[in-house]
Amino acid sequence: RYHCPVPKIFYVQLTVGNSEFFGEGKTRQAARHNAAMKALQALQNEPIPEKLPQNGETGKESEEDKDANKSEISVVFEIALKRNIPVSFEVIKESGPPHMKSFVTRVTVGEFTAEGEGNSKKLSKKRAAMAVLQELKKLPPLPVIEKPKLYFKKRPKTILKTGPEYGQGMNPISRLAQIQQAKKEKEPEYVLLSERGMPRRREFVMQVKVGNEITTGTGPNKKIAKRNAAEAMLLQLGYKASTPLQDQTEKLGENKSWNGQNVGFPEPTSNSKYCFLNL
């Protein structure tokens, strides 16, 4: 005879408040899910319990728990600081042989005084603090003073006036970028379209895109081509030309010899003869 294995079933008990729910499943996780589903179905119409009062007994218990983690001497100083009361600890008595010393410490907190005795100064000071704490806890609670809310004036945002004459005299690339930032729009996108001409007479073509507007600029190097493209875009958008920079651009575009004189490169003709020397 062959016996079929009996599948294992797990059972879980879930307690929510005063209610108990039982779940079952082929695995522990499935049993937990089954119990949780039963609990949700039963409790979904139940009202949400109210929050516990923060300033009630629970608040007092939490404060006591916090104080329990501190030393009695620290608690005495904190209470005195909050109530603006002077505190002083003083060893008033020391007796016994060297190997069995006994110390008595007196603590004064405003109108309250207490004494503590121990085989060390530290222990006598601690016991004195414990004794005076019993008296300080009888004091009425301090009134809660709400701190005044501080209001800070927000700095006004700097608004750039992007009129037709805005940024005249600036670099067209920087001028176009600032205008886009003032408008809170996307920065200009530059793309090198082509590079043509002879090695000494290169010409670069640069394209700039601002929104749906596209313009191009040419120049003997990428920098000047980019400037000319930005200047063309500014004119297309309705801004006045950057006249001072046009003169600078023209000067940068000119080729100069070693002594500062302008040098022109003649276009090659069919009748021109060239001599190449191998160095």
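Residues numbered from 1 in each chain as written. Predicted model: local features only at pLDDT ≥ 70, side-chain atom pairs only at ≥ 80, totals over all residues. Heavy atoms only, no water.

Colleague: Let's hear about the nonpolar core: which residues, and what values?
Modeller: Core analysis: the largest hydrophobic core is formed by 12 residues, namely I73, V75, V76, A80, V107, V109, A114, A128, A129, V132, L133 and L136. At the level of elements, helix 3 (72-83), strand 4 (102-109) and helix 4 (121-136) are the ones that each hand at least two residues to this core. Among the elements that line this core, the one with the most residues is helix 4, at five residues. With residues near it in sequence (within four places) discarded, A128 still touches T105, V107, A114, E115 and G116. (Core = buried A, V, L, I, M, F, W, Y, C linked by side-chain atoms within 4.5 Å. Buried < 20%, exposed > 50% of the residue type's maximum accessible area, 1.4 Å probe, protein only. Helix = DSSP H or I, 4+ residues; strand = E, 2+ residues; numbered from the N terminus. Contact = heavy atoms within 4.5 Å.)

Colleague: Lay out the UniProt feature "domain: DRBM" (unreviewed entry) in the protein chain in plain terms, naming residues and giving numbers.
Modeller: Those places that UniProt annotates as "domain: DRBM" (unreviewed entry) correspond, in this numbering, to residues 10-45, 71-138 and 171-239. For residues 10-45, helix accounts for 44% and strand for 39%, while the C-alpha atoms at its two ends are 28 Å apart. (UniProt positions renumbered as here; feature names shortened; annotations may be inferred.)

Colleague: Just give me the short version of the packing of aromatic side chains, but keep the residues and values in it.
Modeller: One pair of aromatic rings is described through two measures. These are the centre distance and the angle between the planes. Scanning all chains against the criterion turns up one aromatic pair. Taking 5.8 Å as the distance between ring centres and 45° as the angle between the ring planes, the aromatic pair formed by F77 and F89 counts as tilted. With F77 in helix 3 and F89 in strand 3 (residues 87-95), this pair connects stretches of sequence that are 12 residues apart. Between the NZ or CZ atom of K125 and the centre of the ring of F89, over which it lies, the distance is 4.9 Å. (Phe/Tyr/Trp six-rings, centres within 6.5 Å; stacked < 30°, edge-to-face > 60°. Lys NZ or Arg CZ within 6 Å of the ring centre and 35° of its normal.)

Colleague: Describe in detail helix 1 (residues 28-43), supporting the description with residues and values.
Modeller: If you check helix 1, its first and last C-alpha atoms are 22 Å apart, about what 16 residues at 1.5 Å a residue would give, namely 22 Å. Listing the buried residues of helix 1 in full gives A31, A35 and A39. Down the axis of helix 1, the buried side of the element spans an arc of 70°, and every buried residue falls inside it. For helix 1, the exposed residues set more than 90 degrees away from the buried face come down to L40 and Q41. In the core, the buried residues of helix 1 are packed alongside strand 1 (10-16) and strand 2 (19-25). (Expected span 1.5 Å × (residues − 1). Arc of directions from axis to C-beta.)

Colleague: Any details on the side chain of R175? Residues and values, ideally.
Modeller: Mapped onto the elements of the fold, R175 is located in helix 5 (residues 172-182). Buried charge without a salt bridge: R175, with E231 as the nearest opposite-charge side chain at an N-O distance of 4.8 Å. Discounting chain neighbours no more than four positions away, the residues touching R175 are P164, E165, Y166, G167, Q168, M170, L234, Y239, K240, A241 and S242. (Lys, Arg positive; Asp, Glu negative; His and termini not counted. Salt bridge = Lys/Arg side-chain N within 4 Å of Asp/Glu carboxyl O.)

Colleague: For the sheet that holds strand 5 (residues 112-118), give the residues involved together with the corresponding values.
Modeller: Spatial strand order, 3-4-5: three strands in an open sheet with antiparallel pairing. Edge positions in the sheet fall to strand 3 and strand 5, since each of these pairs with one other strand and no more. Direction aside, neighbouring strands of the sheet carry axes that sit 20° apart on average. Here strand 4 runs beside strand 5; their pairing, made up of seven bridges, is antiparallel. (Pairing = 2+ DSSP bridges. Axes fitted to C-alpha atoms, helices over the stretch in contact; angles between N-to-C directions.)

Colleague: Could you give me a rundown of the environment of E187, with the residues and numbers involved?
Modeller: As for its position among the elements, E187 is in the loop between helix 5 and strand 6 (189-196). Along the backbone, E187 and L176 are 11 residues apart, and their C-alpha atoms lie at a distance of 8.5 Å.

Colleague: Give me the environment of R196: which residues, what numbers.
Modeller: Position of R196 relative to the elements: it lies in strand 6. The spatial distance from the C-alpha of R196 to the C-alpha of P220 is 9.8 Å, given a sequence separation of 24 residues.

Colleague: An account of the sheet that holds strand 6 is requested, with residue identities and associated values reported.
Modeller: A sheet is described by the order of its strands in space; here three strands give the open sequence 6-7-8, paired in antiparallel fashion. The open sheet has two edge strands with one neighbour each: strand 6 and strand 8 (213-219). Strand after strand, the sheet turns through a mean of 20° between neighbouring axes, direction not considered. Looking at chain direction, strand 7 (residues 203-210) and strand 8 are connected through seven bridges and run antiparallel. Each bridged residue has a counterpart across the sheet, and for M206 the counterpart in strand 8 is G217. In the packing of helix 6 (residues 222-236) onto the sheet, contacts are made with strand 6, strand 7 and strand 8, and the angle to strand 8 comes to roughly 145°.

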